[in-house]
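# Fold and geometry: a report
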Amino acid sequence: MRELKYKQYELPIFVPGSAEFMMMQDALKLIKQDNPFPMICGAVCNRRCEDACTRGTIDEPLAIDEIKKYIASLDLSKAKRYIPLCEKHDGGMWSDDYKMAIIGAGPAGLAAAYFLRRDGYPVTIFEKEKKPGGMLMNGIPSYRLEKDIIEAEIDVIKEMGVEIRCNVEVGRDVTFESLRNEGYKAFFIAVGCQGGRKTGVPGEDSEGVMTGVDFLRMINADNKKKISGETVVVGGGNVAIDVARTAVRAGAAKVKMLCLESLEEMPAAKDEIAEAREEGIEIINSYGPKEILTENGRVKGIIFKKCLSVKDADGRLNPSYDENDTLTIECENVLLSIGQSIIWNDLLKGTKVKLRSNGGIIADELTLQTDEPDIFAGGDVFTGPRFAIDAIAGGREAAVSMNRFVHPGNRLDLARDRRKFIEFDKNDIQSESFDIAPRQIPGRKQGIASETFEDLRLTFTEKQVKKEATRCLGCGATTVDEHRCIGCGLCTTKCEFDAIHLTRDIPEASTMVRAEDKFSKVGPYAAKRAVKIVVNKIKGE
């Protein structure tokens with residue numbers, strides 16, 4: 001098991017069995033009920049939970065992501081890691097009659113494997129690349145997500161008993177039919193959007209032009225590879241920002257980003273834009289590519305035209321331009337980061353699976369089942385390019401469907417947790433008292449960001465975590481309806497984290513027996529009853 005060594009500060013060493021150790025372990029188990037990759041998400045998540053945090057209506061939202069990242073970092077730094085219990089509902093493991101196959105070892109595929117294995121299924125992941133991780137490994141720069149973190153969290157998946165077969169391409173080396181013959185009962189396609197897109201303008205096939213996805217894959221494979229000269233990045237999303245910042249680190253003399261959107265419309269996160277500018281990247285808004293200029297088959301510049309509007313009246317992407325308002329930029333490299341595509345090759349050959357016009361897979365919105373009943377699909381191949389946390393959610397839902405599918409008679413659509421929550425009305429919040437501490441900010445390592453592929457961001461310290469946690473307003477706390485609760489105490493036995501406790505506010509009005517005292521009351525009667533049952537059986541014979 002890979003153990004991470006953090007150099008930024010001395011991580012606290014909690015004594016096994018101590019109250020603090022158990023608290024941190026329980027926190028990690030709670031996080032991993034829904035997300036098997038808290039450290040990865042701590043580095044790259046877009047933090048929608050923080051956008052919804054009630055504390056943000058007062059000053060700044062709780063640093064939920066940083067707290068989870070800290071808890072995960074403690075586990076990754078231990079020689080003995082937390083491995084979830086893997087067994088079916090009645091104990092033990094499912095036999096090879098219930099083998100599950102995952103196609104793709106990106107966040108969606110790994111998540112599906114995690115949840116299926118946790119339920120006791122034999123799971124195999126088929127990955128065509130040399131290493132598992134998908135776009136986490138190949139598409140996200142190391143300065144945002146260090147590779148040893150990805151490998152460390154994947155190690156947990158392996159330790160759980162999931163088999164990962166790399167350098168195996170489904171459709172070329174094996175087929176769905178051959179895997180069925182090997183005994184696999186359900187499949188999950190999670191190959192992601194591994195390809196880039198081109199613009200269709202003249203000159204884009206010349207030397208020096210590359211899609212952003214291919215560029216990131218090249219640099220992630222070998223950080224020592226370099227580019228030279230001035231570089232133009234076309235695109236305005238988070239991936240385009242990654243491409244531009246990576247180009248700076250790869251040796252580009254000057255990097256400019258141009259996109260269709262205005263600054264306010266740019267899909268890239270505001271903090272990502274700010275970090276790009278800090279590294280000397282120039283961002284020019286409201287321009288789209290018109291022509292790539294070449295000389296002897298190599299890029300020498302690019303012409304842009306003014307974008308008047310990005311979408312039409314119906315809200316669809318349909319840019320309009322002023323063809324006479326142009327901008328010419330001399331450069332040696334053009335990196336196109338305007339979208340991603342799916343590379344299918346022969347993966348779906350011989351199946352009934354259907355594709356949308358944009359190349360995405362067609363599957364049921366809720367169950368993720370395709371037109372081939374035993375094949376499910378999720379992640380970017382189904383939703384289009386999104387965030388890692390969305391892919392993880394898709395993997396979790398696929399695991400639920402596959403679990404039901406392999407047991408005949410189960411409906412895939414009934415009693416699903418659709419996770420459609422009703423948000424609190426924050427317009428009439430009255431906070432009588434709360435901790436006035438400001439939001440904690442993680443520290444940074446020494447170094448110049450634009451000159452290293454190392455992630456210079458630190459995790460919280462133990463002191464910061466405790467201080468940040470006190471800022472929580474507790475708005476998600478649940479109050480029991482005393483008119484509906486019958487006091488059976490079952491909830492106290494089902495909560496794995498011992499977070500539910502029942503108390504009697506008026507003891508004299510009840511003869512309620514505490515859960516821990518029930519056996520002493522029921523035990524004698526149960527023994528007496530057992531004897532009677534044996535005697536009656538003998539008499540019956």
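Residues numbered from 1 in each chain as written. Predicted model: local features only at pLDDT ≥ 70, side-chain atom pairs only at ≥ 80, totals over all residues. Heavy atoms only, no water.

## Points about the sheet that holds strand β6 (residues 209–211)
We count it as follows: Between any two strands, pairing holds if DSSP finds at least two bridges. In this description a helix means any DSSP run of H or I spanning at least four residues, a strand means any run of E spanning at least two, and both kinds are numbered starting from the N terminus. Axes, fitted as lines to C-alpha atoms, cover a helix only where it is in contact. Angles between the N-to-C directions of the axes lie from 0 to 180 degrees. Here, two residues are considered to be in contact whenever any of their heavy atoms come within 4.5 Å of each other.
With parallel pairing, the five strands of this open sheet are ordered in space as β6-β13-β7-β8-β9. The sheet is open, and its two borders are formed by β6 and β9 (282–285), each paired with just one other strand. Strand-to-strand twist across the sheet, computed as the mean angle between neighbouring axes with direction ignored, equals 20°. Two strands pair when backbone bridges link them, and β6 and strand β13 (residues 333–336) are joined in this way by three bridges, in the parallel orientation. Paired with M210 across the strands is L335, a residue of β13. Most of the contacts of helix α9 (residues 212–221) go to β6, to which it runs at about 85°, and overall it touches β6 and β13. Here helix α10 (residues 238–249) sits on the sheet in contact with β7 (230–234), β8 (254–259) and β13, set at roughly 170° to β8.

## What about the sheet that holds strand β10 (residues 287–295)?
Strand pairs in the sheet, formed through backbone hydrogen bonds, run parallel or antiparallel to each other. Overall, antiparallel pairing links the three strands, which are arranged β10-β11-β12 in an open sheet. Looking at the sheet topology across the chains shown, the edges are occupied by β10 and β12 (317–330). When strand polarity is set aside, the average angle formed by the axes of neighbouring strands in this sheet is 25°.

## So, the pairing of strand β2 (residues 123–127)
As a reminder, the rule being used: Note on classification: 1.4 Å probe, protein chains only; a residue is buried when its accessible area is under 20% of the maximum for its type, exposed when over 50%, partly exposed between these limits. Throughout, right-handed denotes a crossover for which the path from the first strand over the helix to the second runs clockwise when the strands point away from the viewer.
Within β2, five of the five residues are buried, leaving the element largely enclosed by the surrounding structure. The handedness of the strand β1 (residues 99–103) to β2 crossover, carried by helix α5 (residues 107–118), is right-handed. Sheet topology places β2 next to strand β3 (residues 163–166); four bridges connect them, and they run parallel. Bridge pairing in β3 links E127 to C166.

## Considerations on α5
The test is simple: For a helix, the expected span equals 1.5 Å multiplied by the residue count minus one.
With twelve residues, α5 should reach 16 Å at 1.5 Å per residue; the first-to-last C-alpha distance of 16 Å fits that figure. By the criterion of burial, α5 is predominantly enclosed, with eleven of the twelve residues buried.

## Observations regarding a nonpolar patch on the surface
In plain terms, the rule: In this scheme, patches are assembled from residues that exceed 30% relative accessible area and form no salt bridge. Like charges are connected within 9 Å, while nonpolar side chains (Val, Leu, Ile, Met, Phe, Trp, Tyr) are connected within 5 Å. Accessible areas in this description were obtained via Shrake-Rupley with a 1.4 Å probe; residue shielding takes into account the shown protein chains only. When a carboxyl oxygen of Asp or Glu is within 4 Å of a side-chain nitrogen of Lys or Arg, the pair counts as a salt bridge.
Taken together, I58, F434 and I436 make up a surface patch of nonpolar side chains, about 280 Å² in accessible area. Given the relative accessible area of 73%, I436 is considered exposed.

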